[in-house]
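Report on the structure
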Amino acid sequence: MTSPRGEVPHSEDAQDLRDLAILQLVRTAYESPEVVSRYASVGLWPSEESLILDYFPDEARILDLGCGAGRTTVGLAEIGLPAFGIDISELMIDVAREQARQLGVEELTEFAVMDTRRLEGIQDEGFDGALYSYNGLELVPGIAGKRRVLSEVYRVLRPGGRLIFCTHSLLALNRYAPMRMRAFVRFLLGQCGLPVRERELGERFIDDELEEARYLQILPPGSWRRMLRAAGFRILYCNTRTRIEQRQPPRAWSVFADGERFFVAEKTGELAEPADSL
Ligand SMILES: C[S@@+](CC[C@H](N)C(=O)[O-])C[C@H]1O[C@@H](n2cnc3c(N)ncnc32)[C@H](O)[C@@H]1O
């Protein structure tokens, strides 16, 4: 890969270029009117509502990361929590604003087009809670990008503030396991020097035009635990969406379960390591 000036870039520049290309791939998919229209409905999942009521205080101000067309931002406002929704897709944000207006929660919501890796203009300790719903963190390029998001969320949460998010599990025994296995083999081939796109564990590029997510990085739940702790968070709770909805306690074997699993993490107030030093 060469830079616009024809020089061979430093490995850091090459990483930045790769991340930028992935971000562009993701953004293009979520700017398609057809994909946006699939997200044009509002309302929290029962699992989300239950965690929000349990872990966010009354009247908490919430940062809604990767808010899409406002499903959760409007949902938060409907239960009385002021929410600031951000997303990289301009079209998603336009639809989110319109939905908030139509549903009469304009006063409790704000929206901006923003990359969750760079919460520019958001002041330190400005939020009581943060939500990253519907596995959105898996769309952020690479482990370094995900660490940067956690470090930025840590910065903008007040001490004791909470982050709720959900992800898939790399170890899930479901119908996607063969696809994940093929991506894992490509990742291993890449480790042996073959030119493949999957450079990190859990990465998968999807070329099927019908699929909305063209890039995903699905990690084992243990990786999220380590990243959260390294960013300075304390993990308060982790359980699958299904078990939360059935009011069942977490189980160790849930790492193999299908579907989403939620993490609730709290900012400890101790200084987190800067993302770049990890
Ligand atoms: C799976 S959709 C979920 C949307 C919404 N949270 C919901 O549950 O309906 C993921 C969203 O994340 C957004 N997104 C992806 N990467 C992002 C990034 N780096 N920064 C901000 N938003 C991002 C996409 O544009 C998309 O709207």
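Each residue is numbered by its place in its chain's sequence as written, counting from 1. Local features are withheld for residues below a pLDDT of 70 in this predicted model, meaning they are given only at 70 or higher, and side-chain atom pairs are given and counted only at 80 or more; totals for whole chains, interfaces and linings count all residues.

What follows covers the overall build of the protein. Helix and strand definitions here come from DSSP, where helices need a minimum of 4 consecutive H or I residues and strands a minimum of 2 consecutive E residues; each element is numbered from the N-terminal end. The helix and strand inventory of the protein stands at nine helices and nine strands. Taking 19 Å as the expected radius of gyration for a compact globule of 278 residues, we find that the protein reaches 19 Å, a close match to that expectation. Reported as C-alpha extents along the three principal axes, the dimensions of the protein are approximately 55 × 45 × 40 Å. Here the protein holds 278 residues, and 40% of them are scored as buried. Working definition of a contact: two residues with C-beta atoms, positioned from the backbone, lying within 7 Å. Within the protein, contacts between residues at least 6 apart in sequence are counted, and of these 71% link residues at least 24 apart. Our radius of gyration looks at C-alpha atoms and nothing else; its globule reference is 2.2 Å times the residue count to the power 0.38. Any residue whose C-beta has 12 or fewer other C-beta atoms within 10 Å is treated as exposed, any with 20 or more as buried, and any in between as partly exposed, C-beta atoms being built from the backbone.

Glancing now at the pairing of strand 1 (residues 62-65). Side chains I62 and D64 project from strand 1 onto one buried face, and the interleaved L63 and L65 project onto a second face that is buried too. Seen with its strands pointing away from the viewer, a crossover is right-handed when the path leading from the first strand over the helix to the second is clockwise. Each parallel crossover has a hand, and the one from strand 1 via helix 4 (residues 71-78) to strand 2 (residues 83-87) is right-handed. Strands are treated as partners if at least two bridges between them are detected by DSSP. Relative to strand 4 (residues 127-132), strand 1 is paired through four bridges, and the arrangement is parallel. Within strand 4, the residue paired with I62 across the bridge is G129.

With that settled, the discussion passes to the confidence of the model for the protein. Looking at the protein, pLDDT values average 92 and 93% of them are 70 or higher. Predictor confidence is given residue by residue as pLDDT, running from a minimum of 0 to a maximum of 100. Long-range and interchain partners of residues 1-9, a stretch whose pLDDT sits below 50, account for nine contacts in this model, where long-range means more than four residues apart.

The next point concerns the nonpolar core. Only buried residues count toward a nonpolar core: Ala, Val, Leu, Ile, Met, Phe, Trp, Tyr and Cys, linked into one set through C-beta atoms within 7 Å. Core analysis: the largest hydrophobic core is formed by 60 residues, its most contacted members being I62, A96, A130, L163, I164 and L228. Dropping the residues within four chain positions of it, L163 is found in contact with A130, V153, L157, F233 and A265.

The next thing to look at is the sheet that holds strand 9 (residues 261-267). The strand order across the open sheet formed by seven strands is 3-2-1-4-5-9-8, and the pairing between neighbours is mixed. Either end of the sheet is taken by a strand with one partner, and the two such strands are strand 3 (109-113) and strand 8 (233-240). On average, each strand axis in the sheet is inclined to that of its neighbour by 15 degrees, with strand direction left out of account. Two strands pair when backbone bridges link them, and strand 2 and strand 3 are joined in this way by five bridges, in the parallel orientation. Within strand 3, the position partnered with F84 by the bridge is E110. Only the contacting stretch of a helix is used when fitting its axis, a line to C-alpha atoms as for every element, and angles between N-to-C directions run 0 to 180 degrees.

Next up on the list: helix 6 (residues 142-156). Multiplying 1.5 Å by the helix residue count minus one yields the expected span of that helix. An ideal rise of 1.5 Å per residue puts 21 Å on 15 residues; helix 6 measures up with 22 Å between its terminal C-alpha atoms. Residues of helix 6 that are buried include every one of G145, K146, R147, R148, V149, L150, S151, E152, V153 and Y154, and no others. Where the residues of helix 6 are buried, they touch helix 1 (11-30), strand 4, strand 5 (157-167), helix 8 (221-230), strand 8 and strand 9.

For residues besides glycine, phi is generally negative; the peptide bonds are generally trans as well. In this model, N135 sits at a positive phi of 60 degrees, which is unusual for a non-glycine residue. Tracing the backbone through its elements, the reader meets N135 in the loop between strand 4 and helix 6.

Quick look at the packing of helix 4 against helix 5 (residues 90-102) now. Direction vectors running N to C along helix 4 and helix 5 enclose 25 degrees, while the axes themselves pass 9 Å from each other. On the basis of the axis angle, helix 4 is roughly parallel to helix 5. In the packing of helix 4 onto helix 5, the handedness of the crossing is right-handed. Where helix 4 approaches helix 5, its residues T73, V74 and A77 are matched on the opposing element by A96, Q99 and A100. Polar here means any residue outside two lists: the nonpolar Ala, Val, Leu, Ile, Met, Phe, Trp, Tyr, Cys and Pro, and the charged Asp, Glu, Lys and Arg; Gly therefore counts as polar. The residue inventory of the contact of helix 4 with helix 5, partitioned by class, reads four nonpolar, two polar and no charged. Orientation labels follow simple angle bins: below 35 degrees gives roughly parallel, above 145 gives roughly antiparallel, 65 to 115 gives roughly perpendicular, and whatever is left gives oblique. By convention the crossing between two helices is left-handed if the near helix lies anticlockwise of the far one by an angle smaller than a right angle, and right-handed if it lies clockwise.

With that out of the way, let us pick up the site of the ligand. We call a residue near a molecule or strand when the C-beta position, derived from backbone atoms, sits within 6 Å of it. Near the ligand you find 20 residues, and of these Y30, G66, G68, R71 and Y134 are the closest. Elements represented by at least two residues in the shell around the ligand include exactly helix 1 and helix 4. When grouped by side-chain class, the residues that make up the shell around the ligand number nine nonpolar, seven polar and four charged.

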